[in-house]
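# Architecture at a glance
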Amino acid sequence: MVKTDLHTDSLLAHGGGGFDAATGAVVPPIQTATTFVRDENYDLVSGNHLYSRDDNDLFRKTEGLIAHLEGAADSRLFASGMAAIAAIMRTVKPGGTILLQSDIYWGTTLFFRKNCERSNVALIEVDAADLSVLKDTIETAQPDLIFLEVPSNPFLVVVDIAAVAKLAELTGSTVCVDATAATPLIMKPLSLGADLVVHSATKALNGHSDVLGGVVSTASADTEAWQFICAERHDAGAVMGSFETWLLLRGLRTLSLRVERMNANAQALAEHFAAHPKIAEVLYPGLETHKAHGLASSQMSGGYGSLMSLIMKGSREDALKVTGALNLFQRATSLGGVESLVEHRETIEGPASGIPDTLLRLSIGIEHIDDLIGDMEQALDAV
């Protein structure tokens, strides 16, 4: 059981609280068994262990901890962030409608486009930050699911989750927020009225670039959508392995420290380069110049996340020169790890994604801020 009388920092440090009752170990054991025996009466020896797709104490411990962080009624781990998103998408039956925020993570957008077409589900992509357009779209389309990403990747768009949730009440739409870039320590979409929140646990929740995972949490365990998601995880089998779950739980133990440093580094880096002559724009909601800074401040606490993007002046080649000249920032795809990464996003996604070819996406890690600023300065000087 997750202890609820502890500060979040203490709860995380102890991995949800408690020690292994069998041995007294301060970290939980890794159970590798896939199946569990029955006694001579064919009753399970342990009443809650039948088969490892669901019956895994590490799942339960980690899901309980994440549910507590989210203020959720329940959580479910998945094999990856996209596996979690896939389960959410499939809550909408053929003939239904999904309203998808435009200009979010390209992998999510492509998945929704391909699978909605295949599944006879209507897909409407809309600028969810424009509440007037969103209101008209919701009233007209009557969507079954509204899927948001806050802040968005890589444009750092901030949507008013509470306002969207109120609009969704009029049509009974389920609101899901991908809050991967924020983490539950910065933003809790369920408290703002969302029905579901999803994270790629691969990113900051684990934080060490060595685990694939996803997690979905719900405001209510009694909804049809949540019952479907739980059944989908079990029946389709998109579960994490025991070792991966153990690594995720270990990563969560340092989440508060990592998020604190990464937030501070990202804010300092954004402020330092906001007026740089070779940068057209820094996309980061922590900057007062960001058009949704006030909204971000009302929805987020303790910082604005470790994801930002730079729109470079000049050409695609100039942007690539900057990435090539970086030494401390590693040229790699992902975000939320302890190491800082740089990505020329258009190279990864291709021109069909609409990503500007001068956009560099940065994931800010826990290095010393002077080293991060110095590395970016010398790279910009090389252009």
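Scroll up a little and you will see the structure.
Our subject in this report is the structure included herewith.

Definitions and cut-offs
Residues numbered from 1 in each chain as written. Predicted model: local features only at pLDDT ≥ 70, side-chain atom pairs only at ≥ 80, totals over all residues. Heavy atoms only, no water. Helix = DSSP H or I, 4+ residues; strand = E, 2+ residues; numbered from the N terminus. Rg over C-alpha atoms; globule rule 2.2 N^0.38 Å. Buried < 20%, exposed > 50% of the residue type's maximum accessible area, 1.4 Å probe, protein only. Contact = heavy atoms within 4.5 Å. Areas by Shrake-Rupley, 256 points an atom, 1.4 Å probe, with all protein chains shown as cover. Pairing = 2+ DSSP bridges. Axes fitted to C-alpha atoms, helices over the stretch in contact; angles between N-to-C directions. Phe/Tyr/Trp six-rings, centres within 6.5 Å; stacked < 30°, edge-to-face > 60°. Left-handed = near helix turned anticlockwise from the far one by under 90°. Nonpolar A, V, L, I, M, F, W, Y, C, P; charged D, E, K, R; others polar. Polar contact = N/O pair within 3.5 Å; in protein donor to acceptor, adjacent residues only side chain to side chain. Salt bridge = Lys/Arg side-chain N within 4 Å of Asp/Glu carboxyl O.

### Looking at the overall build of the protein
Regarding its fold elements, the protein presents 13 helices and 12 strands. Computed over C-alpha atoms, the radius of gyration of the protein comes to 21 Å, within 12% of the 21 Å expected from 2.2 N^0.38 for 383 residues, which places it in the range of a compact globule. For the protein, the proportion of its 383 residues judged to be buried stands at 53%. Once local pairs closer than 6 in sequence are excluded, the contacts in the protein between residues at least 24 apart make up 70%. Carbon and sulfur atoms form 53% of the exposed surface of the protein, whose accessible area is close to 16,400 Å².

### Re the sheet that holds strand β7 (residues 214–218)
Ordered by their spatial adjacency, 7 strands build an open sheet running β1-β7-β6-β5-β4-β2-β3, and the pairing between neighbours is mixed. Lying at the two open borders of the sheet, with one neighbouring strand each, are β1 (74–78) and β3 (122–126). On average, each strand axis in the sheet is inclined to that of its neighbour by 20°, with strand direction left out of account. Examined bridge by bridge, β1 and β7 share 5 bridges and lie antiparallel to one another. Across the sheet, Asp74 pairs through a bridge with Thr218, a residue of β7. Here helix α3 (residues 81–89) sits on the sheet in contact with β1, β2 (97–101), β4 (145–149), β5 (174–178), β6 (196–200) and β7, set at roughly 155° to β6.

### A closer look at the packing of aromatic side chains
What the rule picks out here adds up to 4 aromatic pairs. Plain terms: the ring middles of Phe112 and Phe147 are 5.2 Å apart, the flat faces sit at 50° to each other, and that makes the pair tilted. Pair noted here: Phe112 is in helix α4 (residues 106–119) and Phe147 is in strand β4, with a separation of 35 residues, a long-range link. Across the pair, Phe147 and Phe112 agree in class, each one buried. Taking 6.2 Å as the distance between ring centres and 10° as the angle between the ring planes, the aromatic pair formed by Phe243 and Trp246 counts as stacked. Here Phe243 pairs with Trp246, and both are found in helix α8 (residues 242–252), just 3 residues apart, close to one helical turn.

### Focus on the packing of helix α9 (residues 255–273) against helix α13 (residues 369–381)
At a minimum axis separation of 10 Å, α9 and α13 run at an interaxial angle of 35°. Crossing of α9 against α13: the hand is right-handed. Contacts between α9 and α13 pair Asn265, Ala268, Leu269, His272 and Phe273 from the former with Ile369, Leu372, Ile373, Met376, Glu377 and Leu380 from the latter. Class assignment of the residues belonging to the contact of α9 with α13 gives a composition of 8 nonpolar, 2 polar and 1 charged.

### Here we look at the side chain of Ser75
With respect to the secondary-structure elements, Ser75 resides in strand β1. Overall, the relative accessible area of 0% leaves Ser75 in the buried class. At a separation of 3.3 Å, a polar atom in the side chain of Ser75 contacts the main-chain amide nitrogen of Ala67. In this structure the side chain of Ser75 is engaged in a polar contact, spanning 2.6 Å, whose partner is the side chain of Ser217. Every residue in contact with Ser75, bar those within four places of it in the chain, is listed here: Glu63, Ile66, Ala67, Val215, Val216, Ser217 and Trp226.

### Here's the deal with the sheet that holds strand β11 (residues 341–344)
Strands belonging to one sheet form pairs held by backbone hydrogen bonds; the direction of such a pair is parallel or antiparallel. Across the sheet, which stays open at both edges, the 5 strands sit in the order β8-β9-β12-β11-β10 with mixed pairing between neighbours. Each edge of the open sheet carries a strand with a single partner, namely β8 (279–283) and β10 (330–331). Its contacts with the sheet put helix α11 (residues 316–325) on β9 (307–312), β10, β11 and β12 (359–363), and the angle it makes with β11 is roughly 160°.

### Describing the pairing of β11
Going residue by residue along β11, you find Leu341 and Glu343 tucked away on one face and Val342 and His344 tucked away on the opposite face as well. Of the strand pairs in this sheet, β10 and β11 are connected by 2 bridges, and their pairing is parallel. Considered in β11, the bridge of Arg331 is made with Val342. One ladder, built from 4 bridges, connects β11 with β12; its direction is antiparallel. By the bridge assignment for β12, Val342 is matched with Leu362.

### Digging into the pattern of salt bridges
Across all of its chains, the model carries 13 salt bridges by this definition. Notably, a salt bridge pairs Asp55 with Arg60, separated by 3.2 Å at the nearest N-O pair. A residue is classified by how much of its surface remains accessible, and Arg60, at 30% relative accessible area, is partly exposed. One salt bridge in this structure joins Arg316 and Glu346, with 2.9 Å as the shortest N-O distance. Of this pair, Arg316 sits in helix α11 while Glu346 is found in helix α12 (residues 345–349), placing the two residues 30 residues apart along the sequence. Judged by its relative accessible area of 26%, Arg316 falls in the partly exposed class.

### Section: the environment of Gly294
Structurally, Gly294 is set in helix α10 (residues 293–299). A residue is classified by how much of its surface remains accessible, and Gly294, at 51% relative accessible area, is exposed. Along the primary structure Gly294 and Asp371 are separated by 77 residues, whereas in three dimensions their C-alpha atoms are 30 Å apart.

So, to be careful, I would describe these as geometric facts and stop short of saying anything about function.
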